[in-house]
Amino acid sequence: MAQDGKLDQLSEFEVEVECLMQALYLRWGYDFREYSRASLRRRVARYMSDNHILRPCDLQHELVRDKKRCVHFVRGLTVNVTDMFRDPVFYRVIREQVIPELRSHPFIKIWHAGCSTGEEAYSMSILLHEEGLGERAVIYATDINSQVLDQASKGVYHDKMLATARENYRDAGGKSGLDDFISVGYERFLIDPGLKKNIVFTQHDLVTDQVFGEMQMVICRNVLIYFRRELQTKVLTLFHNSLDLGGFLGLGIKESLRSLPNEFRYKAIDESARVFQRID
């Protein structure tokens, strides 16, 4: 929320958005108060336009009364852009530099925070199976949005995404073909049910919920860029406390640890791919 004493400097629309975010937190527990304001206001304005709502205060009145409507709003507010093996260089670095160290663990736990509709969690599952680690690994795939988690758990995607998925898989160092892990038909492709056995999809709010302890790797890609600096620091501390010493952290290509309090707790495995290892 805007700092005390500065609300009178904001426009009427901006003040009403601040009040809306506070109301969502108090009524339903969704905490967007420390999200980047520029992105937040754009998304609120787009949702209002799409749903023919004139003012944020009118939207607030609807959302505090109707939980289902609120869930629908949250889905529009959160960012759900993803692909199979998105940013292939990230997965290549995991395969070549992280997997060799993970092999030393009898059991591997990975937290994929902000998993959206699940494509990247399934990508990691494919990688682990190809490297012979699938049977002793579990991926905790979490998101604030229950609707995208429901889609993720089904593992069904439109085949218009398939060409990109196959190309990304090859560029990520895939050892066979993506079609070994999916079935295609009726303009959809379905993830092999065997890949779901080691993935737990569950709702989790990075702002208000607690750590996932003793993880060997935490992946949170292209989420921190939508947070204010204070919230970035809070969430990175959450990840640090969830990781074992020597555990790995994977961020989005546009994200960095530089100039944040957590920077010196990690060493870069590959700075360009945003893969780091906890050393403190």
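Residues numbered from 1 in each chain as written. Predicted model: local features only at pLDDT ≥ 70, side-chain atom pairs only at ≥ 80, totals over all residues. Heavy atoms only, no water.

Chemist: Just checking my understanding: could you explain the overall build of the protein for this structure?
Modeler: Helices and strands together make up the secondary structure of the protein, namely nine helices and ten strands. Over its C-alpha atoms the protein spans a radius of gyration of 20 Å, differing by no more than 12% from the 19 Å that the globule rule assigns to 280 residues. Considered along the principal axes of its C-alpha atoms, the protein spans approximately 55 × 50 × 25 Å. A total of 280 residues make up the protein; the buried ones form 50% of that total. (Helix = DSSP H or I, 4+ residues; strand = E, 2+ residues; numbered from the N terminus. Rg over C-alpha atoms; globule rule 2.2 N^0.38 Å. Buried < 20%, exposed > 50% of the residue type's maximum accessible area, 1.4 Å probe, protein only.)

Chemist: Would you mind showing me how to read helix α5 (residues 88–102) here?
Modeler: Each turn of an α-helix holds 3.6 residues, which means side chains three or four residues apart point in the same direction. Look at α5: 20 Å from first C-alpha to last across 15 residues, which is about the 21 Å you get at 1.5 Å a residue. At R95, α5 shows its largest kink, close to 40°. All buried positions along α5 are accounted for by P88, F90, Y91, V93, I94, R95, V98, I99 and L102. (Expected span 1.5 Å × (residues − 1). Bend = angle between axes of the 7 residues up to and from the residue.)

Chemist: I would appreciate a short explanation of the pairing of strand β2 (residues 137–143) in the present structure.
Modeler: Taken residue by residue, a regular strand's side chains alternate between the two faces of the sheet. Across the seven residues that make up β2, a large majority, six, are buried. For strand β1 (residues 108–113) and β2, the ladder comprises six bridges, and the chain directions are parallel. Its bridge partner lying in β2, H112 is registered against A141. The parallel pair β1 and β2, bridged by helix α6 (residues 119–130), forms a crossover whose chirality is right-handed. By the bridge criterion, five bridges tie β2 to strand β6 (residues 199–203) in an arrangement that is parallel. Across the sheet, the residue bridging to I139 is I199, located in β6. (Pairing = 2+ DSSP bridges. Right-handed = clockwise from strand over helix to strand, strands pointing away.)

Chemist: Teacher, can you tell me more about the domain arrangement of the protein here?
Modeler: Much of the literature gives interface size as the accessible area that the parts lose upon coming together. Split by domain assignment, the protein resolves into domain 1 (5–78) and domain 2 (88–278). Each partner contributes residues to the interface: domain 1 has 17 residues there, and domain 2 has 15 residues. Across the domain 1 to domain 2 interface the summed buried area is about 1,300 Å²; carbon plus sulfur atoms make up 52%. Across the contact surface, domain 1 and domain 2 share one salt bridge. Of the charged contacts in the structure, one is a salt bridge between E34 and R228, with a shortest N-O distance of 3.8 Å. Here domain 1 is connected to domain 2 by two residue pairs in polar contact (both at pLDDT 80 or more). Going through the elements one at a time, α2 (37–50) and α4 (67–77) are the ones with two or more residues in the side of domain 1 that touches domain 2. Considering every element that reaches the side of domain 1 that touches domain 2, the biggest residue donor is α4, with four residues. Here the residues of the side of domain 1 that touches domain 2 are counted per class, giving six nonpolar, five polar and six charged. (Domains from an automatic or database assignment. Contact = heavy atoms within 4.5 Å. Buried area = accessible area lost by both parts, 1.4 Å probe. Salt bridge = Lys/Arg side-chain N within 4 Å of Asp/Glu carboxyl O. Polar contact = N/O pair within 3.5 Å; in protein donor to acceptor, adjacent residues only side chain to side chain. Nonpolar A, V, L, I, M, F, W, Y, C, P; charged D, E, K, R; others polar.)

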